[in-house]
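Breakdown of the fold
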Amino acid sequence: MQNSNFEDNLRFFKDLLPYGIFYELIRNKNSFFKIEIKESENYFEIKVKDDLHIKIDKEVKYLPPNSKIIVFTSFLSFCIYQKNITQEQELFIILLEDLYYLGSIFLSFNLKEIIQYKDKIFFIKSDYDIDFLINFLNKNLSLLSNPIINIKIDRYDEIISENHKILIYNFASKLNEFLIDYNTHLIMLPKQIINTIENIKYIKKTVDIIQNKDNITLVVSAGPSLNDQLEKIKKLKDFCLIIVVDTALRFLLKNGIEPDLIIALDPQVLNFLDFLGINNLKNSILAIEISSTYKITEKFKDYENTIFFTGLLPSSEKKELFLPVNNLSDFICKTYSLYQIPVYGNVGLAAISFATKISNNIILAGFDSSFNSLVYHCKETLDINYHLNRQNYLNPALSKLNLEALAISYKNNKRNSILLEKNKNIFNKNFPDNNFIYIENISKINKDSIQVLINNNQYNFDLLKKNKKQNLINYLKTKKVENIYYNKDENRYEIDKFKNLFKKSIDDSFKFFEIAREKSKNKIENSLKRLFQNYL
């Protein structure tokens, strides 16, 4: 590798370098040292400074084919391994090291000679650059259709500086969060589309909600702490509107507690397991998100109190706080005038979101912030072994569990999800914690009030009179819906118009996710065929 003079390299990269770095390189050009590189048959020996020699392989041992993005954790790693780069890559992300080392690279390499794809380079030196890159990737999702390659020189990254380690950490955290969003959508989108198509034929009702700020709503999730709160829930059940997530439904019914509203959200067939063995919902309203697994809808297809709604997810666009789950969901919502509500990507947060539309005072039960790695839910949610003996189709479903689950990590023997944590943080910004009463903090339940301990202070909240609970249920009003493409005068659907818009909304949903569409192409086409032939 021949050397070029320092000024030529600066001129070559002038349009890519942040002005502050460019200025500091010029100002300190006489302060940098020359990196020595010795090349053998299989290795590079790099002398970064007198007391630091690094020996590295000449070739990147594993370079996945067709990758469009390569991340280099330093400019040195880019210069060393640039000959591994091909025209197939479309973006090179380079995390710039501190000035002391960066200037030495500019002094030691003929960058104009070794760098062939300058127009594909994106430099990262600050959190602003990271956010700018994430925003760019969000608008160019086709770049993510293949795995991202990460090339680094570990020993070099360790000694550069603490600032560079922090930069690498912040970049990895934000990119990982973004990729989890993307990959989750990649996995869930085909399921959402198929579920929506299959659920359409059952849409008859949605819901209207009228807020009464003085009421108290009890929201029940399925955390393991729920087992310890049963007696409190029994005392509260006649005085609160009870909203339950599907996973905790079995717990309430087994203990003689009838919820007023059941929320079903997850598009995976595993969500159907929560309803196995439950055949009587009594008077509860079953609220199904339009893209939730259609197995639930089929099971309760004759149940009169089933309603549908459309979930909204936090948006990365500054113009909109929330956007529909996908374009098809948005189209169906407008076609049937379905109720829309933010769901935050999690059934527990979706249940709370419903509660905030009904009342200001909300009691939360079973909302553990993280679960023990061996205990996901309260004990009564599901006896999987029992149902495995009765339901053969569960075997393949359960075998896919690890592949289809959201990205979950385990730290300190606790179950954590970056995606759910992100959505919970967005939720907390919209609904501060002081709107909620955690059932653990209820110190006493009287006939007409509850005492709550918050920050070592006692607060009293009035409960509904037992004979007035039915009036509270009236704040959840179901209403019939109709397809706007149904022509009442001619007693027929405007089928061609509906078909075209329907298919276009599916195409728009898969705009940046063609790889997901290809894997489910036949299932989607068969579902569409059944819908148009048999039900419209």
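Residues numbered from 1 in each chain as written. Predicted model: local features only at pLDDT ≥ 70, side-chain atom pairs only at ≥ 80, totals over all residues. Heavy atoms only, no water.

Let us now look at the nonpolar core. Membership of the largest hydrophobic core comes to 118 residues, with the highest contact counts inside it found for Ile263, Ile332, Phe354, Ile363, Ile450 and Phe502. Discounting residues that sit within four places of it in the chain, Ile263 has contacts with Ile243, Val244, Val245, Asp246, Ala287, Phe309, Val347, Ala350, Ala351 and Phe354. (Core = buried A, V, L, I, M, F, W, Y, C linked by side-chain atoms within 4.5 Å. Buried < 20%, exposed > 50% of the residue type's maximum accessible area, 1.4 Å probe, protein only. Contact = heavy atoms within 4.5 Å.)

This part covers the packing of aromatic side chains. For any pair of aromatic rings, the description rests on two quantities: the centre-to-centre distance and the angle between the ring planes. If you walk through the whole model with that rule in mind, you get 31 aromatic pairs. With a centroid separation of 6.3 Å and 35° between ring planes, the pair formed by Tyr339 and Phe354 is classed as tilted. Remark: Phe354 occurs in helix α13 (residues 347-358) and Tyr339 occurs in strand β15 (residues 339-342); sequence separation between them is 15 residues. No difference in accessibility class separates Tyr339 from Phe354, as the two residues are buried. Three or more aromatic residues link up through ring pairs in this structure, and these residues are Phe6, Phe12, Phe13, Phe32, Phe72, Phe75, Phe78, Phe92, Phe106, Tyr117 and Phe123. (Phe/Tyr/Trp six-rings, centres within 6.5 Å; stacked < 30°, edge-to-face > 60°. Helix = DSSP H or I, 4+ residues; strand = E, 2+ residues; numbered from the N terminus.)

Turning to the sheet that holds strand β5 (residues 91-95), a few remarks are in order. Strand order in the open sheet formed by four strands is β6-β5-β4-β7, and the pairing between neighbours is parallel. The open sheet is flanked by β6 (121-124) and β7 (149-151), the only strands paired with a single partner. Neighbour-to-neighbour, the strand axes of the sheet open up by a mean angle of 20°, direction not taken into account. Sheet topology note: the strand β4 (residues 69-72)/β7 ladder contains three bridges and is parallel. When the bridges of β7 are listed, Phe72 appears paired with Ile151. The strands touched by helix α6 (residues 127-139) within the sheet are β4, β5 and β6, with β6 carrying the most contacts at an inclination of about 145°. (Pairing = 2+ DSSP bridges. Axes fitted to C-alpha atoms, helices over the stretch in contact; angles between N-to-C directions.)

The subject of this paragraph is the pattern of salt bridges. Counting across every chain of the model gives 15 salt bridges. The salt bridge partner of Glu7 is Lys29, with a shortest N-O separation of 3.4 Å. Within this pair, whereas Glu7 is found in helix α1 (residues 6-13), its partner Lys29 is found in the loop between α2 (19-27) and β1 (36-39), the two being separated by 22 residues in sequence. Assessed through its relative accessible area of 33%, Glu7 is described here as partly exposed. A relative accessible area of 35% means that Lys29 is categorised as partly exposed. Of the charged contacts, one joins Lys125 and Asp98 as a salt bridge, the two residues approaching to 3.4 Å between their closest N and O atoms. Here the residue Lys125 occupies a position in the loop between β6 and α6, and Asp98 occupies one in the loop between β5 and α4 (99-108), the gap between them amounting to 27 residues. Since its relative accessible area comes to 28%, Lys125 is described here as partly exposed. (Salt bridge = Lys/Arg side-chain N within 4 Å of Asp/Glu carboxyl O.)

Right, let's talk about the pairing of strand β16 (residues 361-365) for a bit. For β16, the tally of buried residues reaches four of five residues, placing the bulk of the element in the interior. Two elements, β16 and strand β20 (residues 436-438), share three bridges in a ladder whose sense is parallel. Bridging from a neighbouring strand, Ile362 pairs with Phe436 of β20.

Looking now at unusual backbone geometry. With a phi close to 55°, Lys282 is a non-glycine residue in the positive phi region. Along the polypeptide, Lys282 turns up in the loop between β11 (261-264) and β12 (285-289). The phi dihedral of Ser337 is positive, around 55°, even though this residue is not glycine. Summarising the element assignment, Ser337 is placed in the loop between α12 (327-336) and β15.

Right, let's talk about the environment of Ile149 for a bit. Along the polypeptide, Ile149 turns up in strand β7. In this structure, the C-alpha to C-alpha distance between Ile149 and Phe72, residues 77 residues apart in sequence, is 8.5 Å.

Next up on the list: the side chain of Asn195. Along the chain, Asn195 falls in helix α8 (residues 162-200). Owing to a relative accessible area of 4%, Asn195 belongs among the buried residues under this scheme. Each residue touching Asn195, except ones within four places of it in the same chain, is listed here: Pro267, Ile290, Ser291, Ser292, Thr293 and Tyr294.

What follows deals with the packing of α12 against helix α19 (residues 495-509). With their axes 7 Å apart at the nearest point, α12 and α19 run at an angle of 145° to one another. Within the contact between the two elements, α12 uses Asn327, Leu328, Phe331, Ile332 and Thr335 and α19 uses Phe498, Leu501, Phe502, Ser505, Ile506, Asp508 and Ser509. Considering only residue class, the contact of α12 with α19 consists of seven nonpolar, four polar and one charged. (Nonpolar A, V, L, I, M, F, W, Y, C, P; charged D, E, K, R; others polar.)

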